[in-house]
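# Summary of the model geometry
What follows is each chain in one-letter form.
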Amino acid sequence: MNPEDIGRRKVLKGALGTSVLAAGVVTAPNLLFPALAQGERLVPFIDEQSEAFTWNPIQPNSTHWQDTRQISNRFTDNDEFYLVQHYGQPEVNNDSWRLKVTGMVDNELEISLSELMKKYIFEQQVGFECGGNGQRLLHGLIGNANWRGTSLANILIEAGIQDGAKEVVFFGADTAIEEIRGREVEKAFARSLSIEDAMRPENMLAFEMNGEPLPHFHGKPVRLLVPGWYGVSNVKWLTQIHIQDTRYMGRFMGRDYVTLKRTDVGGTERWVENSVTTMNLKSSIVRVMESSGQYRVQGFVLNDGTPLENVEVKIDDGPWESANMSSRNTKYSWKLFSYNWQDPSPGEHTLISRATDINGNVQATSDELPEKVSFWEDFAQFPRRVRI
Ligand SMILES: Nc1nc2c(c(=O)[nH]1)N[C@H]1C(S)=C(S)[C@@H](COP(=O)(O)O)O[C@H]1N2
Ligand SMILES: [Mo]
């Protein structure tokens, strides 16, 4: 599918949205991010990143990023939601698929898909980004969806975690030959959580995405969702949950998705490595719309679920001004915002946004962030340029 087709489909979606609105199902706040209406136009960004930006159609086994300038809806379509997979996209048969729960439990479990779909079901809106998302992709490794699935905590309670257990490891069906210290070994994609993190009630074994069975590329039939954490935690094609009394080591916990920062450690400056876990507070402007001389600046916020105090937008050297938040935002969704830009003067302008949470954390500029050499966790304020 080429970008023009996507554009056309968006318009179609917009038209459908309007008829739903006419039926009174959707309330006004959804209009914060409508698809392009008649007479509306996207004001092009003129910053370096935007000019270098390319958008590729979805291909099997490859990374896909959204064109964030097209974000027009609370939910990302399943076939636009970004894709990252390190070991390809394994074929998993729904009928023969089993989820095994093994290790330090009173009852080891082996659950079929139809059994799983009858247990402790709930739905929630969750948005997330890859820990490797960044300004170079205009933050396109991102998406927001409504998920339906089973409570992880309840499965773990059913299995009965034994005393002394420390860690819960989640294995995917996807494997690859990795060379580790000179030896070639077969490894499955895996991530782990402490028992405490694993027992959070919002953790979900998801089997539906936006009302459809979980698509193949997104981890069919079941994936883990750890709301508020970077995408790498959300193990796709999940087949085994193993409980153990030692820390799990592996490429995606200990080698990749590890940030390296220079920070103060009890009074001593040290280089610290941290496995990517909860999402840092981040906002970004994604598009500027113009209609009959009225300008609107739109963007998103992602974080670990801490409620926000506000999101502000600054134009050139002007003051920080509050943006409007969509009332449809939920604790773990992406949070869409919109700012009415009054009477911009002709010429070039710099637009920037920053989010503040209720604990007083303010999204930093890149200069204010501690020295960081890894590209993981790119959450600095992101200045954008437009010409009016
Ligand atoms: N089994 C498996 N799960 C995985 C991965 C993977 O390579 N294999 N990649 C992770 C990473 S790094 C990200 S960012 C998210 C992406 O999820 P999505 O492709 O559904 O957007 O899946 C995570 N889950
Ligand atoms: Mo990722």
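Let us look at the structure shown here. (Residues numbered from 1 in each chain as written. Chains lettered and ligands numbered in written order. Predicted model: local features only at pLDDT ≥ 70, side-chain atom pairs only at ≥ 80, totals over all residues. Heavy atoms only, no water.)

### Quick word on the overall build of the protein chain
Scanning the protein chain from N- to C-terminus turns up 6 helices and 21 strands. The dimensions of the protein chain, computed from C-alpha atoms along their principal axes, are 65 × 60 × 40 Å. Considering the protein chain as a whole, with its 388 residues, one finds that 50% of them fall into the buried category. Sequence separation of at least 24 residues holds for 71% of the intrachain contacts in the protein chain that already meet a minimum separation of 6. Carbon and sulfur atoms make up 48% of the accessible area of the protein chain, which totals about 17800 Å². Taking the 40 positively charged and 51 negatively charged side chains of the protein chain as two groups, their mean positions are separated by 2 Å. (Helix = DSSP H or I, 4+ residues; strand = E, 2+ residues; numbered from the N terminus. Buried < 20%, exposed > 50% of the residue type's maximum accessible area, 1.4 Å probe, protein only. Contact = heavy atoms within 4.5 Å. Areas by Shrake-Rupley, 256 points an atom, 1.4 Å probe, with all protein chains shown as cover. Lys, Arg positive; Asp, Glu negative; His and termini not counted. Charge placed at Lys NZ, Arg CZ, Asp CG, Glu CD.)

### Quick word on the site of ligand 1
Neighbouring ligand 1 are 18 residues, the closest being Y82, H86, D174, H218 and K236. Residue V84 places a main-chain N or O atom 3.1 Å away from an oxygen atom belonging to ligand 1. In isolation ligand 1 offers 520 Å² of accessible surface; the protein chains occlude 100% of this area. Residue composition of the shell around ligand 1, grouped by class: 10 nonpolar, 5 polar and 3 charged. (Near = heavy atom within 4 Å. Polar contact = N/O pair within 3.5 Å; in protein donor to acceptor, adjacent residues only side chain to side chain. Nonpolar A, V, L, I, M, F, W, Y, C, P; charged D, E, K, R; others polar.)

### Notes on the sheet that holds strand β2 (residues 98-103)
If you trace the 5 strands from one edge of the open sheet to the other, you get β3-β2-β11-β6-β7, paired in mixed fashion. Edge positions in the sheet fall to β3 (109-112) and β7 (183-194), since each has one partner strand and no second. Direction aside, the axes of adjacent strands within the sheet are offset by 30° on average. Where strand β6 (residues 167-180) meets strand β11 (residues 238-244), 6 bridges bridge the pair, whose relative direction is antiparallel. Among the inter-strand pairings, G172 is bridged to a residue of β11, identified as L238. Across the sheet, helix α4 (residues 152-159) is in contact with β2, β3, β6 and β11; its angle to β3 comes to roughly 135°. (Pairing = 2+ DSSP bridges. Axes fitted to C-alpha atoms, helices over the stretch in contact; angles between N-to-C directions.)

### Topic: the pairing of strand β19 (residues 335-341)
A large share of β19 lies buried, amounting to 6 of its 7 residues. Bridge analysis of strand β15 (residues 294-302) against β19 gives 7 bridges, and the strand direction is antiparallel. Bridge pairing in β19 links G299 to F337. For strand β18 (residues 324-325) and β19, the ladder comprises 2 bridges, and the chain directions are antiparallel. Paired with N324 across the bridge in β19 is S338.

### Some thoughts on the packing of aromatic side chains
Going through the model one piece at a time under the given rule, you end up with 12 aromatic pairs. Pairing F81 with W147 gives two aromatic rings, centres 5.9 Å apart and planes at 85°, and the pair type is edge-to-face. Of this pair, F81 sits in the loop between α2 (48-52) and β2 while W147 sits in strand β5 (residues 142-151), placing them 66 residues apart in sequence. Like F81, the residue W147 is buried in the burial classification. On the basis of an interplanar angle of 25° and a centroid distance of 6.1 Å, the ring pair of F128 and W147 is categorised as stacked. (Phe/Tyr/Trp six-rings, centres within 6.5 Å; stacked < 30°, edge-to-face > 60°.)

### Observations regarding the nonpolar core
Nonpolar side chains in soluble globular proteins tend to be buried together. Among the nonpolar cores identified, the biggest contains 68 residues, and L116, W147, F170, L205, I241 and I243 are the most heavily contacted of them. Broken down by element, this core gets its largest block of residues, 5 residues, from strand β8 (residues 204-209). If you look at the next biggest cluster of nonpolar residues, it comprises 18 residues, including L281, V297, V301 and V386. (Core = buried A, V, L, I, M, F, W, Y, C linked by side-chain atoms within 4.5 Å.)

### A closer look at the pairing of strand β20 (residues 348-357)
Counting buried positions along β20 gives 7 out of 10 residues, so the element sits mostly inside the fold. Pairing analysis gives 7 bridges linking strand β16 (residues 308-315) to β20, with the strands arranged antiparallel. Bridge pairing in β20 places I315 opposite L351.

### Quick word on α4
Among all positions of α4, only L152, A153, I155, L156 and A159 are buried. Buried residues along α4 cover an arc of 160° about the axis, so they all sit on one side. Capping the start of α4, S151 holds a side-chain oxygen 3.4 Å from the backbone nitrogen of A153, two or three residues further along. Where α4 terminates, the next one or two residues include G160, which has phi positive at roughly 80°. (Arc of directions from axis to C-beta.)

### With respect to the sheet that holds β15
An order of β1-β14-β15-β19-β18 is seen for the 5 strands of this open sheet, with the pairing classed as antiparallel. Only two strands of the sheet have a single neighbouring strand rather than two, namely β1 (40-42) and β18. In this structure, strand β14 (residues 282-291) lies alongside β15, joined through 9 bridges in antiparallel fashion. Counterpart to V288 in the pairing with β15 is V297.

### Observations regarding the side chain of E290
Tracing the sequence through the fold places E290 in strand β14. We classify E290 as buried; its relative accessible area is 14%. In this structure the side chain of E290 is engaged in a polar contact, spanning 2.8 Å, whose partner is the backbone nitrogen of G293. Among residues more than four places away in sequence, those in contact with E290 are G39, E40, R41, V43 and Y295.

### Description of the side chain of T356
Looking at the element boundaries, T356 is found in strand β20. According to the relative accessible area criterion, T356 is buried, its value standing at 12%. Each residue touching T356, except ones within four places of it in the same chain, is listed here: L281, L308, E309, N310, E312, N361 and V362.

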